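# Structural characterization, general
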Amino acid sequence: MSIKEPVAEIDSQFSSAGAAPTPWAEAREALEKAEIYWLSTVRPDGRPHVTPLVAVWLDDALYFCTGEGERKNKNIEHNAHCMLTTGCNSFKEGLDLVAEGEAVRVKDETTLQRLASLWESKYDWPWTVRNGMFHGDEGNDALVYEVRATTVFGFRKGETFSQTRWRP
């Protein structure tokens, strides 16, 4: 979300009686700290494609990288709409999050340098930046994408279940 405090709406149909919306600050922190995300894209023939990956949160957006020849990159070139999902696979506790948006290629070297720094501190995964992309030690190159969410859904599990939607 590109705004600091998006509008939070509780969906009472899928929430426990009296449940309150999850605060955006809590959702944003979970998006920032998560280690694994699931990227959902659509293949050119319309079939869905889902893959786990690592990502970082910077300036109210999620960022991930991919090789130029990878399926997720081919899908994004055809259709930039995607979702990034994270959470926990427990039924009785936790907060699951789904961020919907468009994947936009990042080529700005200053932004890429900031992202490479985050990748290294979060995942101990060093990248160098050159020619508008990430370069790894083993010759692996990666394109970097930004997803600035247009809508985020939060699914709180536990004693009180809630479904929150945040939108600009």
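Look up a bit, the structure's there.
All of these numbers come straight from a predicted model, not from anything done at the bench.

## Let's talk about the side chain of Ser15
Mapped onto the secondary structure, Ser15 falls in the loop between β1 (7-10) and α1 (24-33). Residue Ser15 is classed as buried on the basis of its relative accessible area, which comes to 14%. Among all residues touching Ser15, those that are not within four sequence positions of it are Ile10, Phe161, Ser162 and Gln163.

## Some words on α1
Among the residues making up α1, those that are buried are Trp24, Ala27 and Leu31. Angular distribution of buried residues about the axis of α1 spans 65°; they occupy a single face of the element.

## So, the nonpolar core
Counting residues in hydrophobic clusters, the biggest one holds 42 residues, and the most contacted among them are Tyr63, Phe64, Leu115, Trp119 and Phe134. Excluding anything up to four places from it in sequence, Trp119 contacts Val54, Ala55, Val56, Tyr63, Phe64, Cys65, Asp124, Trp125, Trp127 and Phe134.

## Topic: the state of the cysteines
Among covalent bonds in proteins, the disulfide is the one between the sulfur atoms of two cysteines. Tallying each qualifying case throughout the model produces zero disulfides. You can see Cys82 has no disulfide; the closest cysteine sulfur is in Cys65, sitting 14 Å from it.

## Here we look at unusual backbone geometry
Phi at Asp59 takes a positive value of approximately 50°, unusual for a residue other than glycine. Looking at the element boundaries, Asp59 is found in the loop between β4 (56-58) and β5 (61-66). Assessed through its relative accessible area of 42%, Asp59 is described here as partly exposed.

## A word on helix α3 (residues 109-123)
When the terminal C-alpha atoms of α3 are compared, their 20 Å separation across 15 residues agrees well with the 21 Å that a helix rising 1.5 Å per residue should span. Of the residues flanking the end of α3, it is Asp124, one or two places downstream, whose phi is positive at about 55°.

Here is what the cut-offs are and how they apply
Residues numbered from 1 in each chain as written. Predicted model: local features only at pLDDT ≥ 70, side-chain atom pairs only at ≥ 80, totals over all residues. Heavy atoms only, no water. Helix = DSSP H or I, 4+ residues; strand = E, 2+ residues; numbered from the N terminus. Buried < 20%, exposed > 50% of the residue type's maximum accessible area, 1.4 Å probe, protein only. Contact = heavy atoms within 4.5 Å. Arc of directions from axis to C-beta. Core = buried A, V, L, I, M, F, W, Y, C linked by side-chain atoms within 4.5 Å. Disulfide = S-S within 2.5 Å. Expected span 1.5 Å × (residues − 1).

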